[in-house]
Amino acid sequence: MQESELKTIKDLILEVSDGASIPRLAEIAVQLTGYYARISEEFADIETFRAERWLDIRKEVKSDTVAEKTYLASDQGKLWTDKRIKLKYIEKVISGIKLRLNVARGESYNQY
């Protein structure tokens with residue numbers, strides 16, 4: 001993920017926080033879903049090689065915990081953690097947008 005793309009994601013999230021209009025919220029959710037899909041692909045690529053690398057580390061250390069911490073301290077492990085956190089963050093924002101859209105839908109039918 002490039003720096004400009006990350007800035008765009010942050011800008012979209014700030015726009016949500018600032019109270020974007022309902023139609024704009026729907027657009028933002030679609031854009032964030034696209035970013036989520038792309039980050040998921042990158043994460044899947046890292047995850048594919050994670051098990052293999054983790055097993056190599058495990059052969060050199062005495063416990064699973066040490067192997068896990070050693071992996072997470074590596075460059076690949078840091079990238080894995082970064083992607084995982086970004087995915088969770090985007091998930092939560094999209095979930096919040098969906099909640100706001102559902103409330104707006106209910107308000108339009110005078111249900112709230």
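Scroll up for the structure.
Quantities reported herein were computed from a predicted structural model and do not represent experimental measurements. (Residues numbered from 1 in each chain as written. Predicted model: local features only at pLDDT ≥ 70, side-chain atom pairs only at ≥ 80, totals over all residues. Heavy atoms only, no water.)

### Details of the overall build of the protein chain
Across its full length, the protein chain holds four helices and zero strands. Counting from the amino terminus, the protein chain carries its helices and strands in the arrangement α-α-α-α. Over its C-alpha atoms the protein chain spans a radius of gyration of 19 Å, topping by over 25% the 13 Å that the globule rule assigns to 112 residues. Referenced to the eigenvectors of the C-alpha coordinate spread, the extents of the protein chain come out at roughly 65 × 30 × 20 Å. The buried share of the protein chain, taken over its 112 residues, is 29%. Considering only residue pairs separated by 6 or more positions, the protein chain has 61% of its internal contacts joining residues 24 or more positions apart. Summing over all exposed atoms, the protein chain offers an accessible surface of approximately 7700 Å²; the carbon and sulfur share of this is 55%. (Helix = DSSP H or I, 4+ residues; strand = E, 2+ residues; numbered from the N terminus. Rg over C-alpha atoms; globule rule 2.2 N^0.38 Å. Buried < 20%, exposed > 50% of the residue type's maximum accessible area, 1.4 Å probe, protein only. Contact = heavy atoms within 4.5 Å. Areas by Shrake-Rupley, 256 points an atom, 1.4 Å probe, with all protein chains shown as cover.)

### A closer look at the environment of R100
Note that R100 resides in helix α4 (residues 75-108). In the structure, R100 is positioned 55 residues away from D45 in sequence and 33 Å away in space, judged by C-alpha atoms. Setting aside anything within four residues of it in sequence, one finds R100 in contact with V16, G19, A20, I22 and L25.

### Some words on the nonpolar core
By size, the foremost hydrophobic cluster in this structure holds 24 residues, and its most contacted members are I9, I28, L32, I90 and I97. Those elements that provide at least two residues to this core are α1 (3-17), α2 (22-60), α3 (64-73) and α4. A total of 10 residues in this core trace back to one element, the largest contributor, which is α2. (Core = buried A, V, L, I, M, F, W, Y, C linked by side-chain atoms within 4.5 Å.)

### Quick notes on the side chain of R50
Turning to its location among the elements, R50 is positioned in helix α2. The exposure class assigned to R50 is buried, which follows from its relative accessible area of 14%. Within the structure, R50 has its side chain in polar contact with the side chain of E68 (distance 2.4 Å). Setting aside its immediate chain neighbours within four residues, R50 contacts E68, Y71 and W80. (Polar contact = N/O pair within 3.5 Å; in protein donor to acceptor, adjacent residues only side chain to side chain.)

### Some points on the pattern of salt bridges
Taken as a whole and assessed by the stated rule, the structure comprises seven salt bridges. One salt bridge in this structure joins E42 and K83, with 2.5 Å as the shortest N-O distance. Here E42, found in helix α2, pairs with K83, found in helix α4; they are 41 residues apart in sequence, far enough to count as distant. Note on E42: relative accessible area 22%, which makes it partly exposed. (Salt bridge = Lys/Arg side-chain N within 4 Å of Asp/Glu carboxyl O.)

### Details of the packing of aromatic side chains
What the rule picks out here adds up to one aromatic pair. The lysine or arginine in question, R50, covers the ring of W80, its NZ or CZ lying 4.1 Å from the ring centre. (Phe/Tyr/Trp six-rings, centres within 6.5 Å; stacked < 30°, edge-to-face > 60°. Lys NZ or Arg CZ within 6 Å of the ring centre and 35° of its normal.)

### Some remarks on the packing of α3 against α4
One way to put it is that α3 packs onto α4 with a least axis distance of 4 Å and a crossing angle of 85°. The angle between α3 and α4 places the two elements in the roughly perpendicular class. Touching Y71, L72 and A73 of α3 are D75, Q76, G77, K78, W80 and T81, all from α4. Split by residue class, the contact of α3 with α4 holds four nonpolar, three polar and two charged. (Axes fitted to C-alpha atoms, helices over the stretch in contact; angles between N-to-C directions. Parallel < 35°, antiparallel > 145°, perpendicular 65-115°, else oblique. Nonpolar A, V, L, I, M, F, W, Y, C, P; charged D, E, K, R; others polar.)

Everything listed here is a matter of coordinates, which is why it stays silent on function.
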